[in-house]
Amino acid sequence: MTVMFAGVSAPVRFPVSNRLEKFCATAEFDKPTLVLDVDRVEQQYHALKAGLGHADIHYAVKANPHRDILERLIALGSHFDCASRGEIELCLSLGAKPETISYGNTVKRSVDIDYAHRAGITMFSADAEEELEKIAEHAPGAQVYIRLIVELSQADWPLSRKFGCDKATALGLLDYAKVLGLKPVGFSFHVGSQTRRAEMWDATLDRLAETWNAAKDGGHELTLLNIGGGFPAFYGEAIEGPTDYASNVMALVTAKFGHVPRVMAEPGRGLVAEAGMIVAEVVLTSRKSDRDMHRWVYLSIGRFSGLAETEGEAIRYQFVTPRDGDPVGPCIMAGPSCDSADVLYEKRPMNLPLTLKAGDRIMIKNTGAYTSTYSSVCFNGFPPLDVVAI
Ligand SMILES: *Cc1c(COP(=O)(O)O)cnc(C)c1O
């Protein structure tokens, strides 16, 4: 497809392979915009569901809370994992049933637990005694699952030690939940976001199954295993297709835990990332000196306006430009703000066409997850990432 842009004298070419890319290559945008193809979310939902067997999908709303995505998922019968009162209100307002929503954040304000309980939410997570006490007081009798810490993550975006607790603590919490009149139903964990291959779950599942078995031996009747997210999106490195990945994970879960009556899976990235493409533009290209090996390429979007996951440079987005096919060279990529942390790729520069210049449109693939929600409201006067669904 050949497209003319104002300020560009020669026709420029974008390789366009689907509806989303075509829209991104041809529509007019006056600021960085995330374009979402909600049909693509639906396809991915079916593909994951086909591999997940009897597991329920609880979409992790924080990955992208756009109402068109939530409405489509509600229509498809998806369940939801919410982390805050705001996310719960949003899902309920769009028609989700409270019994399909789990309140999966282990760090909740009492007033929000109280709200969720009154709204009909019955499933809560916890990884500490104090959290169980809050739940027991404000959502008496609720079902709780205990979040286990994952120390063997092989993910590109691991979730650190912020969430979960170790085996001994978890077993103690199951007992304590009973004392408090709650219903401890099982465990949850998160293997780490962007875990590229199912086999990377292996060591983590082995470790967690020890806790599961110890709890059963201790007389707890466990019915629920929440396997969290971690389902990958394609950023250029090979991943398994969604159905294969999900069924391989479920095979591992069954091998290590036996038949679990209720399994929850909470894909965020793996469900929505590939349904989104960001359109931005090159604002400046430069070299810092005559001898500079690297070109600098400054974009209209940066770490504070949607590309926060470039932190650490483990998530490496794929860029599409009208000059693809021209000779490439290493480029350091940065955002537009006056903050020195607003550099996207520097440790491992990106190879981009050396003909790229100010005014060129640039499209960023598979950016439907963790972009719009990470965009600051207006840092440095730059507009937040706009979102349109097609
Ligand atoms: C963020 C989050 C998810 C989604 O993780 P992905 O790696 O994007 O799939 C799932 N569960 C919980 C509890 C989360 O906090």
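Residues numbered from 1 in each chain as written. Predicted model: local features only at pLDDT ≥ 70, side-chain atom pairs only at ≥ 80, totals over all residues. Heavy atoms only, no water.

### Looking at the overall build of the chain
A count of helices and strands for the chain gives 10 helices and 18 strands. Rg of the C-alpha trace for the chain: 23 Å, near the compact-globule value of 21 Å for 390 residues, within the 12% margin. Here the C-alpha coordinates of the chain stretch approximately 75 × 40 × 40 Å along the principal axes. Of all 390 residues assigned to the chain, the portion counted as buried reaches 53%. Within the chain, residue pairs in contact and separated by at least 24 positions form 70% of the contacts whose partners lie at least 6 positions apart. Looking at the chain as shown, the accessible area adds up to about 16300 Å², and 51% of this sits on carbon and sulfur atoms. Averaging the positions of the 40 positive and the 49 negative side-chain charges in the chain gives two centres separated by 3 Å. (Helix = DSSP H or I, 4+ residues; strand = E, 2+ residues; numbered from the N terminus. Rg over C-alpha atoms; globule rule 2.2 N^0.38 Å. Buried < 20%, exposed > 50% of the residue type's maximum accessible area, 1.4 Å probe, protein only. Contact = heavy atoms within 4.5 Å. Areas by Shrake-Rupley, 256 points an atom, 1.4 Å probe, with all protein chains shown as cover. Lys, Arg positive; Asp, Glu negative; His and termini not counted. Charge placed at Lys NZ, Arg CZ, Asp CG, Glu CD.)

### Quick notes on the nonpolar core
Counting 96 residues, the largest nonpolar core has Tyr59, Phe80, Phe124, Phe187, Trp201, Ile227 and Phe319 as the members making the most contacts within it. Looking at this core, the element that brings in the most residues is helix α9 (residues 242–257), giving 7 residues. There are two domains that each give this core at least three residues, and those are domain 1 (2–36 + 274–389) and domain 2 (38–272). Core analysis: the next-biggest nonpolar cluster, separate from the first, contains 8 residues, Met277, Val279, Val320 and Met363 among them. (Core = buried A, V, L, I, M, F, W, Y, C linked by side-chain atoms within 4.5 Å. Domains from an automatic or database assignment.)

### Section: the packing of helix α8 (residues 202–217) against α9
Axis angle and axis distance: for two packed helices, these are the angle between their axes and the distance between the axes, and together they describe the pair. Across the interface, α8 lies against α9 with an axial gap of 9 Å and an inter-helix angle of 35 degrees. Judged by the sense of rotation from one axis to the other, the crossing of α8 with α9 is right-handed. Across the interface between the two elements, Asp202, Leu205, Asp206, Leu208, Ala209 and Trp212 from α8 touch Leu252, Val253, Lys256 and Phe257 from α9. Residues belonging to the contact of α8 with α9 are distributed by class as follows: 7 nonpolar, no polar and 3 charged. (Axes fitted to C-alpha atoms, helices over the stretch in contact; angles between N-to-C directions. Left-handed = near helix turned anticlockwise from the far one by under 90°. Nonpolar A, V, L, I, M, F, W, Y, C, P; charged D, E, K, R; others polar.)

### Digging into the site of the ligand
The environment of the ligand is formed by 13 residues, the closest being Lys62, His190, Ser193, Glu266 and Tyr370. Lys62 places a side-chain nitrogen or oxygen 2.8 Å from an oxygen atom of the ligand. A distance of 2.6 Å is found between a nitrogen atom of the ligand and a side-chain nitrogen or oxygen belonging to Glu266. With the chains in place, 90% of the 390 Å² that the ligand exposes on its own is no longer accessible. Here the shell around the ligand is composed, by residue class, of 3 nonpolar, 5 polar and 5 charged. (Near = heavy atom within 4 Å. Polar contact = N/O pair within 3.5 Å; in protein donor to acceptor, adjacent residues only side chain to side chain.)

### A word on unusual backbone geometry
In the Ramachandran plot, Gln194 falls in the positive-phi region, its phi being about 60 degrees despite a non-glycine side chain. Looking at the element boundaries, Gln194 is found in the loop between β9 (183–188) and α8. The phi dihedral of Glu313 falls on the positive side, at around 65 degrees, and the residue is not glycine. Note on placement: Glu313 falls in the loop between β13 (295–299) and β14 (319–320). Since its relative accessible area comes to 9%, Glu313 is described here as buried.

### So, the environment of Ala369
Here Ala369 is to be found in the loop between β17 (361–364) and β18 (386–389). For Ala369, a relative accessible area of 1% puts it in the buried group. Spatially, the C-alpha atom of Ala369 lies 21 Å from that of Thr321, the residues being 48 residues apart in sequence. If we ignore the near neighbours within four places in the chain, the residues touching Ala369 are Ala63, Arg269, Val272, Ala273 and Glu309.

### Concerning the layout of surface pockets
Its boundaries defined by the atoms lining it, the largest pocket holds a volume of some 620 Å³. Around the largest pocket, the lining comprises 33 residues; the ones closest to its centre are Lys62, Arg147, Leu159, Phe163 and His190. Listed by contribution, the elements that provide at least two residues to the lining of the largest pocket are β5 (79–82) and β8 (143–147). Split by residue class, the lining of the largest pocket holds 12 nonpolar, 13 polar and 8 charged. Looking at which domains feed residues into the lining of the largest pocket, each of domain 1 (2–36 + 274–389) and domain 2 (38–272) gives three or more. (1 Å grid on protein atoms, 1.4 Å probe; cavity = no way out; pocket = protein on both sides within 12 Å on 5 of 7 lines; lining within 4 Å. Points joined across faces, edges and corners; volume = space filled by probe spheres on them.)

### Focus on the domain arrangement of the chain
For the chain, the assigned domains are domain 1 (2–36 + 274–389) and domain 2 (38–272). In this structure, domain 1 and domain 2 have C-alpha centres spaced 33 Å apart. Taken together, the contacts link 23 residues of domain 1 with 23 residues of domain 2. Approximately 2000 Å² of surface area, both sides summed, lies buried where domain 1 meets domain 2, with 54% of it carried by carbon and sulfur atoms. The partner of Arg269 in a salt bridge is Glu309, with the nearest N and O atoms 2.8 Å apart. (Buried area = accessible area lost by both parts, 1.4 Å probe. Salt bridge = Lys/Arg side-chain N within 4 Å of Asp/Glu carboxyl O.)

### Observations regarding empty space enclosed by the protein
Where empty space is left becomes clear once a probe the size of a water molecule has been rolled over the atoms. One pass over the full model with this rule turns up 2 cavities of 30 Å³ or more. Space inside the largest cavity adds up to approximately 60 Å³. Every residue along the wall of the largest cavity is listed here: Gly302, Phe304, Ser305, Pro336, Ser337, Asp342, Ser376, Cys378, Phe379 and Phe382. Among the residues making up the lining of the largest cavity, the classes are represented as 5 nonpolar, 4 polar and 1 charged.

### Overview of the pairing of strand β15 (residues 328–334)
Counting buried positions along β15 gives 5 out of 7 residues, so the element sits mostly inside the fold. Relative to β15, β13 runs parallel, the two being bridged by 4 bridges. Across the sheet, Val297 pairs through a bridge with Met333, a residue of β15. Note: β15 against strand β16 (residues 343–353), 6 bridges, orientation antiparallel. Looking across to β16, one finds that Val328 is bridged to Pro353. (Pairing = 2+ DSSP bridges.)

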